[in-house]
Amino acid sequence: MSTKPSILPKDAAAAEGKVNVQINGTWYRFPKGTRIADACNSVGAHVPCFCYHPKLSVVGSCRMCLVEQGMPPRLAPGATPTYGEDGYQPISWMPRAIIACANTVAENMGIRTTGKLTEEARRGVLEFLLTNHPLDCPICDQAGECKLQEYTTDYGRGTHRFTENKTKKGKNLSIGPRVNLDQERCVLCRRCVRFMKEVVGEDVLGVVGRGTHNAIACYPGTRLDSNYSMNVVDLCPVGAMTSKDFRFKMRVWFLKSTPTIDVNCGTGTNINIWTREQQVYRITPRQNDEVNSCWMPDDHRLNYKFINAPERLTTPLIKTDAGAEQRPTTWDAALNVVVEQLHRMAPAETAIVASARMTNEELYMVRALARQLGITKIDVVPRKGVNDGMLVSEDRNPNTNGAKLVLGKTGNGLATIRRGVRNGSIRFVISLGEDLTSEEAGFTPEDLAGLDYLLAVHHTENATTKAADVVLPSVTFAEKYGTMINVTGRIQRLNKAIEPIGDSRSDWAIFRELSERLGCDCVRVIACPSPMMVLEEMAQEFAPMKGLTWGNIGNAGKVIIETGVTIPLIERSKAKN
Amino acid sequence: MSAITYKPGCEPHPRETRRIFRNIDRKGYNPSIACFIKDGGYETLKKAMEMEPSAVIDEVKKSGLRGRGGAGFPTGVKWTFIPKGNTKPVYLVCNCDESEPGTFKDRFVVHQDPHQLIEGMIIACYAVQAHYAVIYMREEFPEAAKIMQKALDEAEEKGFLGKDILGKGFDLKIVLHRGAGAYICGEETGLINSIEGVRPYPRIKPPYFPAAIGLWGCPTIVNNVESLCQVRQVLMRGAEAFAAEGAQRSPGTRIIGVSGDVKRPGYYEIISGSLTYGELLYDICGGPKRGRKFKAIIPGGASAKVMRCDEVLKGRNPDGSVREMSIFDVPLDLDSIAQHGSMSGSGGVIVMDDSRSMPKVLNNLNRFFAWESCGQCSPCREGNPWMLKLSTRICEGKGSPEDVDLLKSVADNICGRTVCAFGEACSWPTQAFTTKFRDEFLALTKPINALKPHSDETKEARKFLTRED
Amino acid sequence: MSETPNAIDAITAAKPSPGEQHFPKFAVTDNLVEAAQKLVARYPEGKEQSAVLPIIHMVQEKFGYICPEAMPWIAEMCKSTPIHVAGIVTFYPGIHTMCPGKYHFRVCRTIACSLSGGEELIPYICQKIGVNPADMSDEEPMLVSADGLWSVEPVECLANCGFGPNIMLNETLYSQVTTKTIDELIAKYSK
């Protein structure tokens, strides 16, 4: 006999708490308890699923994930197992396919995701799902990202054999303020029902009817109005649940998705921004099990309209004389005016109101500018809300931890500035990315009117920009690169989804330009070509950021500060496992 | 004990052996506890409770008793599937959802002899140490529900239920839970969901094997009415005596319900394997109706595969040689008919004579399954209405020969791919009917129909293009 | 006629039936609540939802059917949600969302009864009670006579297959039914 492995693979795997599984002829090792579907997908053997979702309970009802499975032959009592030359037992294949979502891997198990048995099962199930489906892909929003469509082209049969009357159900039903339901397109995977019950805890969706008349519904008079309702649109593998906001707006294959983060609160929910040319069409959550799982709140998801709003500032504006109208100008002219005016200001009478909505890199450049000008009164506007017990943090600024790290302690600085403005000791104010007349900032229009000089950098017109002597148009989170640190101390990346609108410029670039024009001679600041390089600069200065680069933060981010703050939804799902 | 006499016209056939049905149609017998106790009732319970619970399980295992709900799984073995070291409460559920068309045996137990079932249940609960049990009774037995509730109350009054039964420190509560007309509730996990008050979708196995994760997430034993009554018989007569009687692999008596085209349909309790289908249908049931011949037999409830009466089956002689036989030579035990591609199931024998159109019979079955599909999983939900529409169309003369193959192919696509055994139950009839009576189906079809529109939409769209004939 | 309700409103849309005149109108009384609580108490603590079917049966027995107003109340009694109760009510054919007549025929049409002529009884009963079998819908397969006294519903297997055709009149099973049996029953209960 040829050489047998000195230690059997099963023992070697068991020592690691794993099992050996053969998938399409190749042996792999997986931790015990791994679902067959997850195991197959992780090694590139694709298993199609409708009802299975890793974050929801398993119901195994769509029958799409049928695979061929085999185990070593059952031994007669007293017999010892035989091992082949590779150290594995022979596999005897089962005549029936099993579902890959509900079953877990076992030692010496064999799985085939291809072959006659699996292919026939998939083809059969797809044919059934299409029998009562309206086949209205040409007018369906899901087309292009529809699992039913994809699997049909991948595994389905080219023609249909069903020529009878179809079961009629409800179409275009408004089941909530943001979601529409088409019962005929539904494959009854019940992901939406399970999501509302298990994750949100509001049992508003259910199945009514029986057999072929089964349909998803909510009780008349109750609505799917949770702030997390739009996640069912993402979950829906077909076009049954559609977003009212996105309905009929754009074909998804024209859209480019950019992975980035949400800036509406300190959680920093991971998202994808879907854009075509310069237009943002929708935002969807991106999976990050440490931040937002697979979900996001509706109000954050829909808060993108301001990006392409007509109120966006697209050119610099200046007032030539006090009391005169603002008028558009070029960047060169505007910056020259600003530099001239900044030179004239007494640093002790100047304050900077920055924003914790700015990225770390922007804040770093602001700090450089302040140091260069000798300004010490600098703070950000805090923004507090109610923690919703799910994903929305009470800190409504996305980068409070970044501001703390870069600017030092933030606290009553803002109150001091307000006092200073009111008692006349501060006569010059630089407002960065904030509206000073907002409730959180606490300035009145009169406060602003009384200033000698107000410089506003913002992406959208507001009371502050209207009152400003010079307005420099900056960009929204969708138009820039940068990093932010969320409430749990995780640094995450913002990616640019679209180019700056109009003539606006990234904030960090504005500050770099100003520093240079003000005569800054620090090469590290003025020669910096991108926010990524600013980040590397910062990594040398700030201990928590040591060793960080744009690349090694990755799409999932990295915890760099211990804050002791947790995200309720994430804690709950961890406790469940 | 005095000799048992039966109501006139309801006397058992001489070839019957009445054990479970001993008191059915018995003259002077009523469902009261007094009547039951006078007849020796609850004595077996006393005997069982003298034993250790594990000894009761061993006894049932030794008897070789197999479940009478349809699958024929050994009852004692099922009881041992409760996980070792289990700390959760154990529940016992009596499946009285008798819903397989052609089966009508539990009905008579719960209507006429409810205490027999209660005694069997208490013994089973004692064996698996369950302190809470549920009788899941189908909605179509409203009178039985009243009788059973009264019987439960009586048993509690007499101390056979409730706290400290027979002074042995064993507590048991039995609750009667009524269904509402769903075949799927006969599936044990669907039944459990129905008791839990959610839609009675069957659960996936694994992980939801009732003995491990059943009712309210706790180990649960689900047994059929007849099985639980048989448990009482095992304890009453002793495992050895029980095992010695009838077919070696399925001992004890069986209740066979015969319906359809025979002279004397009805229920017959026989020793398992002691008769063949021929003896049952000709000797006991009196053969076919006047001037008719038997054509087909569904041997184990509507979902069993149909057998042609002129089918030549291969049987094995004791010396190992092969002989030719027909369905009438197959013995009535749990396994013999399975060797010929059908199943004995729950003991409902449906007989059709030569006056019957097989496509119409299948269409009736397909309507039943399409109506009863719970709609949880795709193949069954979508496949059953499709089969119904196809078989209806064929029966109406609007099918083409290809539709017969399509019908079979749809059934093949359901079988083995569903959450529960309903997938097999609904596809087996179609597979068997279209294969074994293919000529009858083809005779109803016309090739031209393949070119005609069938749905309302296509009919409308091709209004002026389709030839009328 | 108002517009047809959409698929969701249809869940609680009233299905008027002449049978309603023979049953009291659904109303929550102390007695009803007490009865429901008694049913809930039969199940272990925290498993109130199990009582959903028993409570539905109780309501149906008292009021003839499960009217839209009853569903939220049932949900409240067994600590469930209305959509959940609607899911149960619409699943089981034994639970009516339209009021049957005072005398309700259930006619078995499954194979064994069908072989013995059960299906032919349905048009016969329809004709006797003056309704058109063609009006039967798939979702609520029930027809009620104009005076609300009679109704007919085809059902699947009543588990008495050897003695078909079988029908049920309210709670009582009649086997080996012929048109004559139907005539007698209707004559008997029509006074």
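**With respect to the interface of chain A and chain C**
So, point 1. If you look at the interface, chain A gives 20 residues, while chain C gives 15 residues.
So, point 2. Listing elements by their share of the side of chain A that touches chain C, those giving two or more residues are strand 9 (205–208) and strand 10 (215–218) of chain A.
So, point 3. At four residues, the largest contribution of residues to the side of chain A that touches chain C is made by strand 9 of chain A.

**With respect to helix 6 (residues 114–128) of chain B**
So, point 1. Taking 1.5 Å per residue as the helical rise, helix 6 of chain B with its 15 residues ought to reach 21 Å, and the 21 Å between its terminal C-alpha atoms agrees with that figure.
So, point 2. By the criterion of burial, helix 6 of chain B is predominantly enclosed, with 15 of the 15 residues buried.

**Observations concerning the pairing of strand 12 (residues 348–353) of chain B**
All names here are of chain B.
So, point 1. Strand 12 sits mainly inside the fold: five of its six residues count as buried.
So, point 2. In the sheet, strand 6 (residues 253–260) pairs with strand 12 via four bridges, with the strands oriented parallel. Across the sheet, glycine 260 pairs through a bridge with valine 351, a residue of strand 12.
So, point 3. Summarising the sheet, strand 8 (residues 294–298) and strand 12 pair through four bridges and their orientation is antiparallel. Within strand 12, the position partnered with isoleucine 297 by the bridge is valine 351.

**With respect to the interface of chain C and chain B**
So, point 1. Every contact between the two is made by 35 residues of chain C and, on the other side, 43 residues of chain B.
So, point 2. The set of elements that each furnish at least two residues to the side of chain C that touches chain B consists of helix 2 (52–63), helix 4 (82–91) and helix 5 (111–115) of chain C.
So, point 3. Split into classes, the residues belonging to the side of chain C that touches chain B amount to 20 nonpolar, 11 polar and four charged.

**Description of the sheet that holds strand 13 (residues 270–276) of chain A**
Residue and element names in this part refer to chain A.
So, point 1. Reading across from one edge, 12-13-14 is the order of the three strands in this open sheet, with antiparallel pairing throughout. Across the chains shown, the open sheet's two edge strands, defined by having one partner strand only, are strand 12 (256–261) and strand 14 (279–285). Between one strand axis and the next, the sheet turns by 30 degrees as a mean value, whatever way the strands run.
So, point 2. Two strands pair when backbone bridges link them, and strand 13 and strand 14 are joined in this way by six bridges, in the antiparallel orientation. In the strand pairing of strand 14, isoleucine 271 is matched with proline 285.

**Focus on the nonpolar core**
So, point 1. If you look at the biggest cluster of nonpolar residues, it comprises 365 residues, and the most contacted ones within it are Cys65(A), Val353(A), Val93(B), Met121(B), Ala133(B) and Ile74(C).
So, point 2. For this core, the element with the highest residue contribution is helix 6 of chain B, accounting for 10 residues.

**Notes on the domain arrangement of chain C**
Residue and element names in this part refer to chain C.
So, point 1. According to the domain assignment, chain C consists of domain 1 (7–91) and domain 2 (103–189).
So, point 2. The distance between the C-alpha centroids of domain 1 and domain 2 comes to 26 Å.
So, point 3. Looking at the side of domain 1 that touches domain 2 residue by residue, the class counts come to one nonpolar, four polar and two charged.

**Concerning unusual backbone geometry**
Residues and elements named next belong to chain B.
So, point 1. With omega at -5 degrees, the peptide bond leading from lysine 205 into proline 206 counts as cis.
So, point 2. A cis amide bond links proline 206 with the next residue in sequence, proline 207, at an omega value of 5 degrees.
So, point 3. Following the sequence through the fold, proline 207 ends up in the loop between helix 8 (188–196) and strand 5 (220–224).
So, point 4. Here tyrosine 42, not a glycine, exhibits a phi torsion of approximately 65 degrees, which is positive.
So, point 5. Locating tyrosine 42 in the fold gives a position in the loop between helix 1 (33–38) and helix 2 (43–50).
So, point 6. Despite not being glycine, aspartate 164 shows a phi value in the positive range, around 50 degrees.
So, point 7. Mapped onto the secondary structure, aspartate 164 falls in strand 3 (residues 162–165).

**Here's the deal with the environment of Tyr83(A)**
Residues and elements named next belong to chain A.
So, point 1. For tyrosine 83, the location among the structural elements is in the loop between strand 3 (66–71) and strand 4 (92–93).
So, point 2. Between the alpha carbons of tyrosine 83 and leucine 8 there is a distance of 8.7 Å; along the sequence they are 75 residues apart.
So, point 3. Every residue in contact with tyrosine 83, bar those within four places of it in the chain, is listed here: Leu8, Tyr88 and Gln89.

**Notes on the sheet that holds strand 8 of chain B**
Residue and element names in this part refer to chain B.
So, point 1. Spatially, the five strands line up as an open sheet ordered 7-6-12-8-9, and their pairing is mixed. The strands lining the two open edges of the sheet, one partner per strand, are strand 7 (266–271) and strand 9 (307–308).
So, point 2. Both strand 8 and strand 9 contribute to a ladder of two bridges, which runs antiparallel. Residue pairing across strands places isoleucine 297 opposite methionine 307, the latter belonging to strand 9.

**Some details on the packing of helix 2 of chain B against helix 6 of chain B**
All names here are of chain B.
So, point 1. Where helix 2 meets helix 6, the closest approach of the two axes is 9 Å, and the angle between their N-to-C directions is 5 degrees. Between helix 2 and helix 6, the crossing angle belongs to the class labelled roughly parallel. Along its contact with helix 2, which presents Thr44, Leu45, Ala48 and Met49, the element helix 6 presents Glu119, Ile122, Ile123 and Tyr126.
So, point 2. Considering only residue class, the contact of helix 2 with helix 6 consists of six nonpolar, one polar and one charged.

**Focus: the pairing of strand 13 of chain A**
All names here are of chain A.
So, point 1. With five of seven residues buried, strand 13 lies mostly within the body of the structure.
So, point 2. Of the pairings in the sheet, the one linking strand 12 to strand 13 comprises six bridges and is antiparallel in character. Among the inter-strand pairings, lysine 256 is bridged to a residue of strand 13, identified as threonine 275.
So, point 3. In sequence, strand 13 turns back onto strand 14 through a hairpin of two residues, with glutamate 277 there showing a positive phi of about 50 degrees.

The rules we used
- Residues numbered from 1 in each chain as written.
- Chains lettered and ligands numbered in written order.
- Predicted model: local features only at pLDDT ≥ 70, side-chain atom pairs only at ≥ 80, totals over all residues.
- Contact = placed C-beta atoms within 7 Å.
- Helix = DSSP H or I, 4+ residues; strand = E, 2+ residues; numbered from the N terminus.
- Expected span 1.5 Å × (residues − 1).
- Buried ≥ 20, exposed ≤ 12 C-beta atoms within 10 Å, placed from the backbone.
- Pairing = 2+ DSSP bridges.
- Nonpolar A, V, L, I, M, F, W, Y, C, P; charged D, E, K, R; others polar.
- Axes fitted to C-alpha atoms, helices over the stretch in contact; angles between N-to-C directions.
- Core = buried A, V, L, I, M, F, W, Y, C linked by C-beta atoms within 7 Å.
- Domains from an automatic or database assignment.
- Parallel < 35°, antiparallel > 145°, perpendicular 65-115°, else oblique.

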